[in-house]
There are 2 protein chains.
Amino acid sequence: MKTLADLGEDTLVQLLTRTLRRDDDVLLGPGDDCAVVRLPRGAHSLVLKTDTIVEGVHFTPETPARWVGRKAMARVLSDFAAMAATPRHALITLIAPPRIWVKRVQGIYHGLAKLADEFEVRIVGGETSRGDQLSITVSLIGYVPTRKWITRSAARAGDVLYVTGRLGGSIRGRHLRFQPLVKESSIIAKKLKPTAMMDLSDGLAKDLPRMARASGLGWNLWLDQIPITAGCSLSQALNDGEDYHLLFATSPTLKKQALLECQALCPGVKFHAIGELTRDEKTGLLETGGWDHFL
Amino acid sequence: MKTLADLGEDTLVQLLTRTLRRDDDVLLGPGDDCAVVRLPRGAHSLVLKTDTIVEGVHFTPETPARWVGRKAMARVLSDFAAMAATPRHALITLIAPPRIWVKRVQGIYHGLAKLADEFEVRIVGGETSRGDQLSITVSLIGYVPTRKWITRSAARAGDVLYVTGRLGGSIRGRHLRFQPLVKESSIIAKKLKPTAMMDLSDGLAKDLPRMARASGLGWNLWLDQIPITAGCSLSQALNDGEDYHLLFATSPTLKKQALLECQALCPGVKFHAIGELTRDEKTGLLETGGWDHFL
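What counts and what doesn't
Residues numbered from 1 in each chain as written. Chains lettered and ligands numbered in written order. Predicted model: local features only at pLDDT ≥ 70, side-chain atom pairs only at ≥ 80, totals over all residues. Heavy atoms only, no water. Helix = DSSP H or I, 4+ residues; strand = E, 2+ residues; numbered from the N terminus. Rg over C-alpha atoms; globule rule 2.2 N^0.38 Å. Buried < 20%, exposed > 50% of the residue type's maximum accessible area, 1.4 Å probe, protein only. Contact = heavy atoms within 4.5 Å. Areas by Shrake-Rupley, 256 points an atom, 1.4 Å probe, with all protein chains shown as cover. Pairing = 2+ DSSP bridges. Least-squares fit on C-alpha atoms with pLDDT ≥ 70 in both. Phe/Tyr/Trp six-rings, centres within 6.5 Å; stacked < 30°, edge-to-face > 60°. Buried area = accessible area lost by both parts, 1.4 Å probe. Salt bridge = Lys/Arg side-chain N within 4 Å of Asp/Glu carboxyl O. Polar contact = N/O pair within 3.5 Å; in protein donor to acceptor, adjacent residues only side chain to side chain. Nonpolar A, V, L, I, M, F, W, Y, C, P; charged D, E, K, R; others polar. Axes fitted to C-alpha atoms, helices over the stretch in contact; angles between N-to-C directions.

1. Looking at the overall build of chain A
Counting its secondary structure elements, chain A contains eleven helices and eleven strands. Here the C-alpha radius of gyration of chain A, 20 Å, is about what a compact globule of 295 residues would show, namely 19 Å. The principal-axis extents of the C-alpha atoms in chain A amount to approximately 60 × 45 × 35 Å. For chain A, buried positions account for 60% of its 295 residues. Contacts in chain A between residues far apart in sequence, at least 24 positions, make up 87% of those at least 6 positions apart. Approximately 12300 Å² of chain A is accessible, and the part contributed by carbon and sulfur atoms is 51%.

2. Comments concerning the pairing of strand S10 (residues 246-250) of chain B
Residue and element names in this part refer to chain B. Of all the five residues making up S10, five are buried; the element is thus mostly covered by neighbouring parts of the structure. Here S10 shows two buried faces, one formed by Leu-246, Phe-248 and Thr-250 and the other by Leu-247 and Ala-249. As defined by bridge partners, strand S8 (residues 196-199) adjoins S10 across four bridges and the pair is classed as antiparallel. Among the inter-strand pairings, Met-198 is bridged to a residue of S10, identified as Leu-247.

3. Section: the relation of the copies chain A and chain B
When chain A is brought onto chain B, the operation consists of a screw motion whose angular component is 180° and whose axial shift is 0.0 Å, with 0.0 Å RMSD remaining. With respect to symmetry, the two chain copies, as superposed, fit the operation of a two-fold axis.

4. A look at unusual backbone geometry
Residue and element names in this part refer to chain B. Its identity is not glycine, yet Lys-193 carries a phi of approximately 40°, on the positive side. With respect to the secondary-structure elements, Lys-193 resides in the loop between helix H6 (182-192) and S8. A residue is classified by how much of its surface remains accessible, and Lys-193, at 60% relative accessible area, is exposed. Here the phi dihedral of Tyr-244 falls at roughly 50°; this positive angle occurs in a residue that is not glycine. In this fold, Tyr-244 is placed in the loop between helix H8 (234-239) and S10.

5. Observations regarding the packing of aromatic side chains
All names here are of chain B. Tallied over the entire structure, the rule returns six aromatic pairs over all chains. For the ring pair Tyr-162 and Phe-248, a centre distance of 5.4 Å and an interplane angle of 15° mean the geometry is stacked. In this pair, Tyr-162 sits in strand S7 (residues 160-163) while Phe-248 sits in strand S10, placing the two residues 86 residues apart along the sequence. Residues Tyr-162 and Phe-248 agree in their burial class; the two are buried. Geometrically, the ring pair formed by Phe-178 and Tyr-244 is stacked, given 3.9 Å between the ring centres and 15° between the ring planes. Taken together, the residues Phe-178 in the loop between helix H5 (174-177) and H6 and Tyr-244 in the loop between H8 and S10 connect sequence positions 66 residues apart. Given a relative accessible area of 1%, Phe-178 falls into the buried group.

6. What to know about the interface of chain A and chain B
Counting residues at the interface gives 60 residues for chain A and 59 residues for chain B. Summed over both partners, the interface of chain A with chain B comes to about 4800 Å²; 57% of that surface belongs to carbon and sulfur atoms. Considering only the side of chain A, the residues that lose the most area to chain B are Asp-33, Leu-39 and Leu-48 of chain A, jointly responsible for 15% of the buried surface there. Along the contact surface separating chain A from chain B lie ten salt bridges. A salt bridge links Arg-213 of chain A to Asp-10 of chain B, with the nearest nitrogen and oxygen atoms 3.4 Å apart. If you look at where chain A meets chain B, you find 24 residue pairs in polar contact (both at pLDDT 80 or more). Tallying contributions element by element places strand S3 (residues 45-54) of chain A first for the side of chain A that touches chain B, with nine residues. Residue classes in the side of chain A that touches chain B are distributed as 26 nonpolar, 16 polar and 18 charged. In terms of strand pairing, strand S2 (residues 35-38) of chain A meets strand S3 (residues 45-54) of chain B through four bridges, oriented antiparallel.

7. Quick look at the sheet that holds strand S4 (residues 86-96) of chain B
A sheet is described by the order of its strands in space; here six strands give the open sequence S1(A)-S2(A)-S3(B)-S6(B)-S4(B)-S5(B), paired in mixed fashion. Both outer strands of the open sheet, strand S1 (26-28) of chain A together with strand S5 (122-130) of chain B, are each paired with one neighbouring strand and no more. Within the sheet, the average angular offset between the axes of one strand and its neighbour, ignoring direction, is 20°. Across eight bridges, the pairing between S4 of chain B and S5 of chain B is parallel. Paired with Leu-94 of chain B across the strands is Thr-128 of chain B, a residue of S5 of chain B.

8. Some points on the environment of Val-26 of chain A
All names here are of chain A. Position of Val-26 relative to the elements: it lies in strand S1. C-alpha separation for the pair Val-26 and Pro-209, spaced 183 residues apart in sequence, amounts to 40 Å. When neighbours within four sequence positions are excluded, Val-26 is seen to be in contact with Val-36, Val-37, His-89, Arg-122 and Val-124.

Laid out in structure tokens, this is it:
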């Protein structure tokens, strides 16, 4: 088996990029100084996100290569879901030790490219560098109609909080296998008109305060309503992180019928109302009872 | 002095992003799931590039923080110069050990942001992760009028090769202090109509073959015409790398007057004709005499 040191950078890049799909709107793909893509007709705003996973932090040396690549791509797709945006073109930055097996790097790329393909995302370029610790950074651009994106910061007091599935215990497999909710998020955006939305990557205990702070609000969690992965405790559901479910807030006047229709269109997830946003910003932590204990 | 472990991610991000400049076309800046920027009116194509620098590879623990940040931004700006494209919005991915001083991270960000500002580039988002080895990845997007970008692959046999300055010995300081030739490259594009262009990051010995290969050509270097940094050998000029000068090819029928005019408009650099591209792809290496020795 060959290592990166046997191969050299140019051969590696050729190996990794030769099977990448390339659509008409990729005007200049991998291999030049930059990539160039054609903007969609009538596009007004561009969505940008970068995310990185590091060996020993987000995956282990034992994690199968394809799952490593898949996770790197899935995480940033999940951020696009959180904005109700459509992802389109990706750049990959790989830092790897020279002694890594070429086969492992290829496996990572296959994982990246396969999930990208499922979401009609094309890898148009990237960069490789030597380093002691393996990491994969995915930078993704895409589109959203102007003012149709959903931020974290426009929720209103009284809005009801929903999550799209059970929380906690992601380490048992979900952190690698989760499906980014890109399609679901655009259905939610249309049907439920969320005032704020984000993806749960660091755990509800860390992410909900971020949304509330961004909106200048507090919150009241209905702790007995939080959907918990079988075999997990409430504390795990709140703190484990890497759930990659969507957290969103909608008007309390939302019709139950709209929620049922939306639920029917998103068979892969289940909506759970878990609390509400409140006017009082400062006492949010205390109002949730045992909350500060989990933080 | 505080470390990242004392501060936590959210406080760090607030600290790093609060002084970032923000223009009208940044519709959603740092702090949400993604960034959103307004596309320029009439923009048809988007230019994308990512690049990374790693401690121990591209800089040392002793390199002053601002120069580390500056280098990370300068390298990717240099890739935009190589395409004659205009950079505009950047995402920063920082991998850092928890024990790093916050002051060093802030210094790196100052270096990134200061050079970005000089080039009217705005940092619109980013990501931070824990890792054993410090690295900074910059992903940059920008614009170029459709079909006005300059690739590596459209050079023709007989084209003359130019570099924009002396090569070799970059480690003495140029690798940190070089000025990305973004403005100069757009002047070169207009005045000299280069058929191919790239920036010299890995040394002429590695980069010229890349351009020639991409264009399906060989080359003939005029070794006695290669501009060498004072105190360096020819071998260093060819192999040291990190020159960040532009290498471009133009028609042999280019008028000397055009070159003089272009030179007058680019007082910070000096054009040197160093060889020509040849039809025979296969013997390129041998034709340059001692070339294979340097590889």
